Amino acid sequence: MSQPDDATPAATSHARSGLSETLRFLVTLALIAFVLRSFIVAPFSIPSESMLPRLLVGDYLFVAKWPYGYSRHSLPWSIPLIPGRILARQPARGDVVVFKNPADNRTDYIKRVIGLPGDLVQMKSGQLFLNGDPVPKVRVADFIDPVSPNSPCRPFPGGMLKAERQPDGGTACRYPRYRETLPGGRSYEVLDIGSVAPDDTPVFVVPEDQYFLMGDNRDRSADSRFPAMAGGGIGLVPEENLVGRALVTFFSTDGSAEWLKPWTWPTAARWSRIGEGF
């Protein structure tokens, strides 16, 4: 007479227990990631040249979520769990911020804060004016950007921008570079390639709870000088649309690496850019 087989129920129970532990671990991991991305830091990548020379296409950076408080745009996919903005704090002039374009409340942009609520902002012949006073703008050494898939040295009207041969045999793009200093002493570098229509604007009056933001690459930035539209300008940015403040660059690539050729990865990395703060 055969004996009852107790091994099968025991094995099934053990398997269920193992599956339960795995699911519990994955849910905990997902919750930790959700909290980190929503309330502490989140990674972002740079897809355009609008913030040259500080940010290059192919830069990856961490953005701090806590400096300006939290809104639904702090959460992944802008989940509407936070009404308005809580623990709100005003950014400082000169901060580099990530935000949602007001045109669609979905697309991430990154620009520099220039005008605070109540400020008057205007451009005259490429010179920034804040509350009627010119912001000091001093010519400094040209910005030399090696040509790569992520930095192709796109032509500029009038032929004022072109690739130049470098002593090492490579080519690089030469940009006219300036240093601007905002009231309070905050300074940063901007590029001003030539004369374009947005070099002259009307006076913008920044309303309460909104901000005037600009890219550092002044002639190639769709910013608050332009009306908000999907894939284009941003207009004046509401406080609620702020996502966070740029914190540190944690990786950068010139775009020359190929995924199926691992030996190309190290040479594509811009190692010197890693660890740069704001």
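Just above sits the structure.
Below is a summary of the structure that appears in this document. Quick caveat: nothing in here was measured; it's all calculated off a predicted structure.

### Considering the side chain of Glu 239
- Locating Glu 239 in the fold gives a position in the loop between strand E16 (237-238) and strand E17 (242-252).
- Summary of buried charges: Glu 239 has no salt-bridge partner, and the nearest side chain of opposite charge, Arg 85, is 5.2 Å away.
- Beyond its immediate stretch of four places on either side in the chain, Glu 239 contacts Arg 85, Ala 88, Asp 209, Gln 210 and Tyr 211.

### Comments concerning the sheet that holds strand E14 (residues 204-205)
- An order of E9-E8-E7-E14 is seen for the four strands of this open sheet, with the pairing classed as antiparallel. The open sheet has two free edges, formed respectively by strand E9 (133-134) and E14, since each of these has just one partner strand.
- With four bridges connecting them, strand E7 (residues 120-124) and strand E8 (residues 127-130) associate as antiparallel partners. Bridge pairing in E8 places Lys 124 opposite Gln 127.

### Focus: a nonpolar patch on the surface
- A cluster of nonpolar side chains, Leu 19, Leu 23, Phe 25, Leu 26 and Leu 29, forms an exposed patch at the surface whose accessible area comes to about 510 Å².
- With respect to the helices and strands, the residue Leu 23 is situated in helix H1 (residues 7-40).

### Describing the pattern of salt bridges
- Counting across every chain of the model gives 22 salt bridges.
- Here Asp 192 ties to Lys 137 by a salt bridge, and the two come within 2.6 Å at their closest N and O atoms. Pair noted here: Asp 192 is in the loop between strand E13 (187-191) and E14 and Lys 137 is in strand E10 (residues 137-146), with a separation of 55 residues, a long-range link.
- Judged by relative accessible area, which is 14%, Asp 192 ranks as buried.
- Classification of Lys 137 as partly exposed rests on a relative accessible area of 23%.
- A salt bridge links Asp 223 to Arg 225; its shortest N-O distance comes to 2.9 Å.
- Overall, the relative accessible area of 0% leaves Asp 223 in the buried class.
- Take Arg 225: its relative accessible area is 9%, and that puts it in the buried class.
- Residues participating in the shared-partner salt-bridge network are Arg 54, Asp 59, Arg 270, Arg 273 and Glu 276.

### Some thoughts on the nonpolar core
- Grouped together as the largest cluster of nonpolar side chains are 14 residues, with contacts concentrated most on Ile 114, Val 121, Leu 128, Leu 182, Tyr 188, Phe 212 and Met 214.
- Those elements that place two or more of their residues in this core are E7, E8, E13 and strand E15 (210-214).

Conventions adopted
- Residue numbering note: each chain is counted from 1, following its sequence as written.
- Reporting in this predicted model follows two pLDDT cut-offs: at least 70 for local features of residues, and 80 or more for side-chain atom pairs to be given and counted; totals over whole chains, interfaces and linings ignore these cut-offs and use all residues.
- Note that water and hydrogens are dropped before the side-chain values are worked out from all heavy atoms of the structure.
- Helix and strand assignments follow DSSP, with helices taken as H or I runs no shorter than four residues and strands as E runs no shorter than two, numbered in order from the N terminus.
- Buried means the residue's accessible area, taken with a 1.4 Å probe over protein chains only, is under 20% of the maximum for its type, while exposed means over 50%, and partly exposed covers the values in between.
- By the counting scheme adopted, Arg and Lys are positive, Glu and Asp are negative, and His together with the chain ends is not counted.
- We define a salt bridge as a contact between a side-chain nitrogen of Lys or Arg and a carboxyl oxygen of Asp or Glu at a distance within 4 Å.
- Note on contacts: a residue pair qualifies if any of its non-hydrogen atoms lie within 4.5 Å across the two residues.
- One requirement defines pairing of two strands: DSSP has to find at least two bridges between them.
- Nonpolar side chains (Val, Leu, Ile, Met, Phe, Trp, Tyr) within 5 Å and like charges within 9 Å form the patches, drawn only from residues with over 30% relative accessible area and no salt bridge.
- Only the protein chains shown count as cover for residues, and all accessible areas are computed by the Shrake-Rupley method using a 1.4 Å probe.
- Nonpolar cores are built from buried Ala, Val, Leu, Ile, Met, Phe, Trp, Tyr and Cys residues. Side-chain atoms within 4.5 Å join them into one set.

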